[in-house]
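Each chain, letter by letter, is given below.
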Amino acid sequence: MKKVICILFCLMLFSGCGYSNVASESFESMDTFMKIDIYGSADTAAEIRAEIENLDSLLSAQDDSSEIGRLNKIGSAEFSEDTADLLSQALELCKDTDGALDISVYPLVEAWGFIDKNYRIPGESEIDDLLKNTDYRKITLSGGRAYLGSGMKLDLGAVAKGYAADKAVELMKQNNVRAGILNLGGTVAAVGEKPNGEKWRVGICDPENTAAYFGSVSVSGKVVATSGSYERYFEQDGKRYCHIIDPKTGCPTDNGTVSVTVISDSGTKSDALSTALFVMGIDGAKEYWRSHTDFEFILLDEENTLWLTEGAEAAFRMNKDYEYNMKVIKA
Ligand code: ADP
Ligand code: MG
């Protein structure tokens with residue numbers, strides 16, 4: 001009994017320390033809305049915000065003066081340490097997903113109108129021409145300098161928020177902030193635990209009503225990223241065209257997947273894989289997960305089947321009012 005009381009007392013002491021200050025920042029960056037809540041000082045929260053805004057100014061493909069913008073304009077550019085670090089991680093993930101993630105799809109994203117919002121269906125020959133210049137293997141990084149093959153454009157939009165999450169978590173550690181929740185436009189870093197010692201609950205958007213969550217995952221020390229066909233799309237003749245391009249066809253991914261949530265220790269990985277598994281579809285995603293068990297995923301398809309890997313199922317709770325048919329994927 002004494003021992004139990006002692007442990008409880010220690011836990012109370014432990015959970016009490018470091019939870020006194022809550023600091024928040026809400027802002028727009030990387031073309032989305034972000035909210036940071038940390039158990040730390042206002043200075044640290046401001047430092048994290050400044051770091052994310054700085055990354056945005058380096059990485060935006062739509063800004064000609066960013067490092068990526070300059071590369072896209074002239075085909076080669078000197079990169080700062082962060083941009084080079086992200087590019088090298090992203091190229092590894094392109095290779096590892098066998099090109100389901102391909103950071104050279106930007107000209108196709110533009111051709112379908114997702115950049116200027118003049119949505120259109122490009123002709124077959126236009127797509128074929130653009131596909132000739134879509135190949136992450138033609139992007140090289142050498143001594144901090146990046147080079148593109150001719151006609152290519154780089155887009156780190158599928159991984160930038162995840163990388164920003166990793167940098168933010170790093171800043172929290174450097175400033176001895178042990179807990180917080182960072183929502184970077186749907187890519188959520190859950191650091192430490194809530195003051196009551198429970199894990200954080202991260203909601204997953206209902207694709208039919210993005211103001212609601214169909215469920216949530218309980219996590220600590222993880223980054224949860226979701227890619228969905230409901231985020232950015234247009235409709236023509238009753239068909240939906242989403243912003244995630246299948247680099248093999250040059251067309252918006254159309255394989256019955258509605259959303260993919262990935263949970264891992266790394267923001268860059270979660271963000272990259274949520275996009276890549278979306279492109280792979282459920283069969284490819286299952287196969288990829290079985291050969292890489294360092295992440296978990298939840299995939300919702302058009303038939304309202306919710307596929308969950310074992311670890312994801314253990315962390316998941318469905319909200320009442322939802323009746324998705326759950327299927328657990330075993331290793
Ligand atoms: P969001 O940014 O909406 O959260 P994602 O992380 O899935 O969604 O990234 C999608 C963005 O990445 C697109 O807007 C586009 O710029 C780019 N993109 C689209 N398809 C791919 C792909 N197959 N590989 C890499 N990047 C992609
Ligand atoms: Mg992504």
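Quick notes on the rules
Residues numbered from 1 in each chain as written. Chains lettered and ligands numbered in written order. Predicted model: local features only at pLDDT ≥ 70, side-chain atom pairs only at ≥ 80, totals over all residues. Heavy atoms only, no water. Axes fitted to C-alpha atoms, helices over the stretch in contact; angles between N-to-C directions. Helix = DSSP H or I, 4+ residues; strand = E, 2+ residues; numbered from the N terminus. Parallel < 35°, antiparallel > 145°, perpendicular 65-115°, else oblique. Left-handed = near helix turned anticlockwise from the far one by under 90°. Contact = heavy atoms within 4.5 Å. Nonpolar A, V, L, I, M, F, W, Y, C, P; charged D, E, K, R; others polar. Donors = N, O, S within 2.8 Å, 3.2 Å for Na, K, Ca; no water. Buried < 20%, exposed > 50% of the residue type's maximum accessible area, 1.4 Å probe, protein only. Near = heavy atom within 4 Å. Polar contact = N/O pair within 3.5 Å; in protein donor to acceptor, adjacent residues only side chain to side chain. Areas by Shrake-Rupley, 256 points an atom, 1.4 Å probe, with all protein chains shown as cover. Phe/Tyr/Trp six-rings, centres within 6.5 Å; stacked < 30°, edge-to-face > 60°. Lys NZ or Arg CZ within 6 Å of the ring centre and 35° of its normal.

Chemist: Residues and numbers for the packing of helix 7 (residues 160–174) against helix 8 (residues 267–291), please.
Modeler: Look at helix 7 against helix 8: their axes get within 7 Å of each other, and the N-to-C directions meet at 165 degrees. In terms of axis orientation, helix 7 runs roughly antiparallel to helix 8. Crossing of helix 7 over helix 8 shows right-handed handedness. Contacts from Ala160, Lys161, Gly162, Tyr163 and Asp166 in helix 7 reach Gly267, Thr268 and Asp271 in helix 8. Here the contact of helix 7 with helix 8 is built from residues that sort into two nonpolar, three polar and three charged.

Chemist: Let's hear about the coordination of the magnesium ion (ligand 2): which residues, and what values?
Modeler: Looking at the magnesium ion (ligand 2), one finds its protein donor set to be Ala158 (O), Asp271 (O), Asp271 (OD) and Thr275 (OG1), positioned 2.3 to 2.5 Å from the metal centre. Ordering the donors of the magnesium ion (ligand 2) by residue number gives the pattern A-x112-D-x3-T. Note that aspartate 271 and threonine 275 are positioned in helix 8 at a spacing of four residues, about one turn of the helix. Neither residue differs from the other here; aspartate 271 and threonine 275 are each classed as buried.

Chemist: An account of the site of ligand 1 is requested, with residue identities and associated values reported.
Modeler: Of all residues adjacent to ligand 1, which total 19 residues, the nearest are Asp155, Lys161, Ser227, Glu231 and Thr275. At a separation of 2.5 Å, an oxygen atom of ligand 1 approaches a polar side-chain atom of aspartate 155. Glutamate 231 places a polar side-chain atom, nitrogen or oxygen, 2.7 Å from an oxygen atom of ligand 1. For ligand 1, the protein covers 95% of the area, taking 560 Å² as the surface of the free molecule. When residues in the shell around ligand 1 are grouped by element, the largest group, three residues, is from helix 8. Classifying every residue of the shell around ligand 1 gives nine nonpolar, four polar and six charged.

Chemist: Run through the packing of aromatic side chains, naming residues and quoting values.
Modeler: In this structure the tally under the stated criterion is 13 aromatic pairs. On the basis of an interplanar angle of 50 degrees and a centroid distance of 5.7 Å, the ring pair of tyrosine 322 and tyrosine 324 is categorised as tilted. By relative accessible area, which is 12% here, tyrosine 324 ends up buried. What links up through ring pairs into an aromatic cluster is the set Trp112, Phe114, Tyr119, Phe234 and Tyr241. Directly above the aromatic system of tyrosine 136 lies the positively charged group of arginine 137, at a separation of 5.9 Å from the ring centroid. Across the ring face of tyrosine 241, the terminal group of lysine 239 is positioned such that the distance to the ring centre comes to 5.6 Å.

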